Amino acid sequence: DAKTTQPPSMDCAEGRAANLPCNHSTISGNEYVYWYRQIHSQGPQYIIHGLKNNETNEMASLIITEDRKSSTLILPHATLRDTAVYYCIVSSSGSARQLTFGSGTQLTVLP
Amino acid sequence: GAVVSQHPSRVICKSGTSVKIECRSLDFQATTMFWYRQFPKQSLMLMATSNEGSKATYEQGVEKDKFLINHASLTLSTLTVTSAHPEDSSFYICSARGGQGVREKLFFGSGTQLSVL
């Protein structure tokens, strides 16, 4: 699976949009981009995933660049409960076999 | 949505004892489940892949005789930490595939914090 690069930490003001970047320059054509988050002492929570088109669900939006070498997860109105470590993961064939977790981005939402 | 239940959430045991952790897929069948371990301030590390009806596949460096995995049904996988020692203290997390096709994703249990005294 392709390797991803994320900033180690970010802050965001409560109520503002949180934009979390991820670089995956070696992504291959059949690899999906997955986003999970982990709140302290809990299991990871699925947020969203996509192949090449932008995706939106009730939690977030995923913007994937046209060359697919990077993506951005957008939390439109961050709340304090969104404080967590966010993981960007690429996995092949649309089948989420085991996922390899990098170090992720610690997002802190500030009041 | 799909739910993965993991039990217990926290266990404290004495050194030398064995601890069993259960992982259940509640509303879907999972032929494959995954076990991860996470040390403080570190990311999740895959330990093994649990396959229903067959032997588990362990990642390099993970002792199969110490971390026994049983996947006897399509909804239950267990991880037994045998003869636990303080260095086995960690956060253990299971996951299972749910959904179909492009909607397939991994769902994670809530984790088990193991403390070995």
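Structure: see above.
Residues numbered from 1 in each chain as written. Chains lettered and ligands numbered in written order. Predicted model: local features only at pLDDT ≥ 70, side-chain atom pairs only at ≥ 80, totals over all residues. Heavy atoms only, no water.

Draft legend 1. Quick look at the interface of chain B and chain A. In this assembly, 18 residues from chain B lie in contact with 20 residues from chain A. At the boundary of chain B with chain A, total buried surface from both sides reaches about 1400 Å², with 56% on carbon and sulfur atoms. Counting across the chain B and chain A interface gives zero salt bridges. Connecting chain B to chain A are five residue pairs in polar contact (both at pLDDT 80 or more). (Contact = heavy atoms within 4.5 Å. Buried area = accessible area lost by both parts, 1.4 Å probe. Salt bridge = Lys/Arg side-chain N within 4 Å of Asp/Glu carboxyl O. Polar contact = N/O pair within 3.5 Å; in protein donor to acceptor, adjacent residues only side chain to side chain.)

Draft legend 2. Geometry of the sheet that holds strand 8 (residues 76-81) of chain B. All names here are of chain B. Spatial strand order, 1-3-8-7: four strands in an open sheet with antiparallel pairing. Each of the sheet's edge strands pairs with one partner strand only, and the pair in question is strand 1 (4-7) and strand 7 (67-73). The sheet shows a mean angle of 15° between the axes of neighbouring strands, taken without regard to direction. Bridge count for strand 7 against strand 8 is five bridges, and the pairing is antiparallel. Following the sheet pairing, Asn-70 is matched in strand 8 by Thr-78. (Pairing = 2+ DSSP bridges. Helix = DSSP H or I, 4+ residues; strand = E, 2+ residues; numbered from the N terminus. Axes fitted to C-alpha atoms, helices over the stretch in contact; angles between N-to-C directions.)

Draft legend 3. The arrangement of the sheet that holds strand 4 (residues 45-50) of chain A in detail. Residue and element names in this part refer to chain A. Ordered by their spatial adjacency, five strands build an open sheet running 1-9-8-3-4, and the pairing between neighbours is mixed. At either end of the open sheet lies a strand with only one pairing partner, and these are strand 1 (9-13) and strand 4. On average, each strand axis in the sheet is inclined to that of its neighbour by 25°, with strand direction left out of account. Bridging between strand 3 (residues 31-38) and strand 4 involves five bridges; their strand directions are antiparallel. The partner of Arg-37 across the bridge, within strand 4, is Gln-45.

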